[in-house]
Structure formats: structure tokens, C-alpha cells
Amino acid sequence: MGSGCISIIEGNPHLRSLLGWHLQQVGFSVHQSADIHHAREVFYSRQPSLVILDAELPEMDGLEFCRWLQQQQSLILMLSARNTEADIVQGLRSGADDYLTKPFGMQEFMARVEALMRRNRNSVPPAVLDCGKLQIDLVQRRVRLQGEHIDLTPQEFSLLYVLAQAGGLALSRSDLLRRAWPDSIDNPRTIDTHVLSLRKKIEIDPRQPSVLQTVRNVGYRLNVEILKGNELYVPEKQERSARV
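Keep in mind it's a predicted model, so treat the numbers as computed, not measured.

Asker: So, the nonpolar core: which residues are in play, and what are the values?
Answerer: Membership of the largest hydrophobic core comes to 50 residues, with the highest contact counts inside it found for L53, L134, L160 and L222. By residue number, the principal contributor to this core is helix α6 (residues 154-165), which donates seven residues. Ignoring anything within four residues of it in the chain, the contact list for L160 reads L134, I136, V143, L152, L198, I202 and L222. In terms of nonpolar packing, the next biggest core, distinct from the first, is built from 20 residues, L19, F104, V113 and L116 among them.

Asker: Can you explain the packing of aromatic side chains? Please cite residues and give values.
Answerer: Inspection of the entire model under this criterion finds three aromatic pairs. Relative to W68, the ring of F43 lies with its centre 5.5 Å away and its plane at 70°, an arrangement referred to as edge-to-face. A residue pair is termed long-range when its members are at least 10 positions apart, and F43 in helix α2 (residues 36-46) and W68 in helix α3 (residues 62-71) qualify at 25 residues. Geometrically, the ring pair formed by F65 and W68 is stacked, given 5.4 Å between the ring centres and 15° between the ring planes. Here W68 and F65 lie together in helix α3, a separation of three residues that amounts to about one turn. Side by side, F65 and W68 carry an identical accessibility label, which is buried. In this structure, R40 is placed above the aromatic ring of W68, and the distance from its NZ or CZ to the ring centre is 4.7 Å.

Asker: Could you give an account of the confidence of the model for the protein, naming the residues involved and the relevant values?
Answerer: Averaged over all residues, the pLDDT of the protein is 82; the fraction at 70 or higher stands at 86%. In the predicted structure, residues 238-244 sits below a pLDDT of 50 and forms five contacts with residues beyond four places in sequence or in another chain.

Asker: Just give me the short version of unusual backbone geometry, but keep the residues and values in it.
Answerer: Note that the residue after K102, namely P103, is joined by a cis bond; omega there is -5°. Structurally, P103 is set in the loop between β5 (98-101) and α5 (106-120). If you check the backbone angles, Q146 has positive phi at about 55° while not being a glycine. The residue Q146 is located in the loop between β8 (142-145) and β9 (148-150) in this model. Owing to a relative accessible area of 31%, Q146 belongs among the partly exposed residues under this scheme.

Asker: Describe the environment of V224, and please don't skip the residues or the numbers.
Answerer: Among the structural elements, V224 can be located in helix α9 (residues 224-227). For V224, a relative accessible area of 12% puts it in the buried group. Leave out the neighbours within four places in its chain, and V224 touches G167 and G168.

Asker: Lay out the pattern of salt bridges with the relevant residues and their values.
Answerer: This model, assessed by the stated rule, comprises 10 salt bridges. Between R173 and D192 there is a salt bridge, with the nearest N and O atoms lying 2.7 Å from each other. Taken together, the residues span a long stretch of sequence, with R173 in helix α7 (residues 173-180) and D192 in helix α8 (residues 190-202) at a distance of 19 residues. Among the residues examined, D192 registers a relative accessible area of 14% and is labelled buried. Between R221 and E225 there is a salt bridge, and its shortest N-O distance comes to 3.1 Å. R221 sits in the buried class, given a relative accessible area of 16%. Residues joined in a network through salt bridges with shared partners are E10, D54 and K102.

Quick notes on the rules
Residues numbered from 1 in each chain as written. Predicted model: local features only at pLDDT ≥ 70, side-chain atom pairs only at ≥ 80, totals over all residues. Heavy atoms only, no water. Core = buried A, V, L, I, M, F, W, Y, C linked by side-chain atoms within 4.5 Å. Buried < 20%, exposed > 50% of the residue type's maximum accessible area, 1.4 Å probe, protein only. Helix = DSSP H or I, 4+ residues; strand = E, 2+ residues; numbered from the N terminus. Contact = heavy atoms within 4.5 Å. Phe/Tyr/Trp six-rings, centres within 6.5 Å; stacked < 30°, edge-to-face > 60°. Lys NZ or Arg CZ within 6 Å of the ring centre and 35° of its normal. pLDDT = per-residue confidence, 0-100. Salt bridge = Lys/Arg side-chain N within 4 Å of Asp/Glu carboxyl O.

Okay, structure coming up:
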């Protein structure tokens, strides 16, 4: 059938395992999740081409998560035991690209996956998130600023990636925490610590940040305008090393 990365978010462990096995047999890289928290981690780290989503997840409404996935421009195949016309319409309007009612046959499931992946071939997400002077390599998890490699911790990389993905929109501390480290940290003020360390690596003057900006009463934003501008931008660290 082809290759690609697929995320399965399904509360039933037997069905989740069965779907994953069939997809792996035809060459797909499959990542399975039983809950939304793990599914977010998979999404940010693997950037799946297709998300197969159970609409009846216990800890969060699948339709709500579907709307979030649509904002990330992900293809979505929704699985649901709800089979009325109103249910199907609601699922599709929540952002699902296709809707399959349970129970279903494996041949139909595989055919729908194949159809969605064909649609995705012409719109494969880039391996590098390009923000002008800042490039974020999603595969190697490396960052280059003004052509220079910036050594980031995994936490700093996740924070920078989430901010870059927001395209200049301000994100709250809790939102950044949820997107960057869904399960590992529960204190929103931890974001401030990582912002300070990240500023030391990407700002010309960390004391007067112009790239990673504080938005009063909201949180933080990445100033994509300055990164895509024409002026030379080299942080203090790179300037010092260039003069040595």
C-alpha cells in the first residue's frame, strides 16, 4: 500500500492492536495511544500523516480532540459506534476527513486508510519548519539560527517548536505546558524557567528579548516577523564565537 506514519488513538486495546498490526503489515509506521495525553506526545514527536481517532474516548470528548487535530492540519479518520446521520455529520463537521462506524470490516478500514493516504501524498508536511532565520528540523530535532546550529535541550526544543508552530500567536503557560510536555510536568511556572534558558541561546540580548516575547496577561509568543525580516540577526553567543 505504501509508507507513512499513522497514529491510532483507540480506547479498546484489542481493536487498537488489531488495527496496528494490519497497518504494519503493509508498511506503515504505527504509533498506538490509549488516551489523549499520550496521543499529543506522539503527534508532536512524530507528526503522523494520518490520525485514526476513537470518538468515544473516556477522559476527553473525541470530537473536541478532533477539532484540535484539524487545527494542526492533520488528516483524521474517525471511528465511532454512533451511526446515525446526525452523529456522522457532527463528526465530519468537527474536522474528520472520513467517518467509519463500528463494527466495520478490515477490508473497508484498509481501503479508507489507503484513500486518505493517497490524498496526503501531495501535501506531506515539511521535515523542516522554516521561520526565516530560524529552521527547526523535526526529524533530527535540531535547530539552526542564522545558519548556526543551536544546541537545545529536549525541553527547549519542544517549547520552541510549539511556539514556532503557533505562527506568532501568543500561547498561555498552561497551553504551552500541555502542548510541549503533556504528561511530564504539572507546574505552569516551569515554562518561565525554560523560556529564560532558551532566550540565552536565541536572543541578541536576553535581557531585552525581541524574538521570544512576553505577552502581558497571556503568556509567550515567537516574533516570526523579526525572524523573517532582512536585518542580520546573530545572538550574543554566536557573535562572541565569531570574533574569537
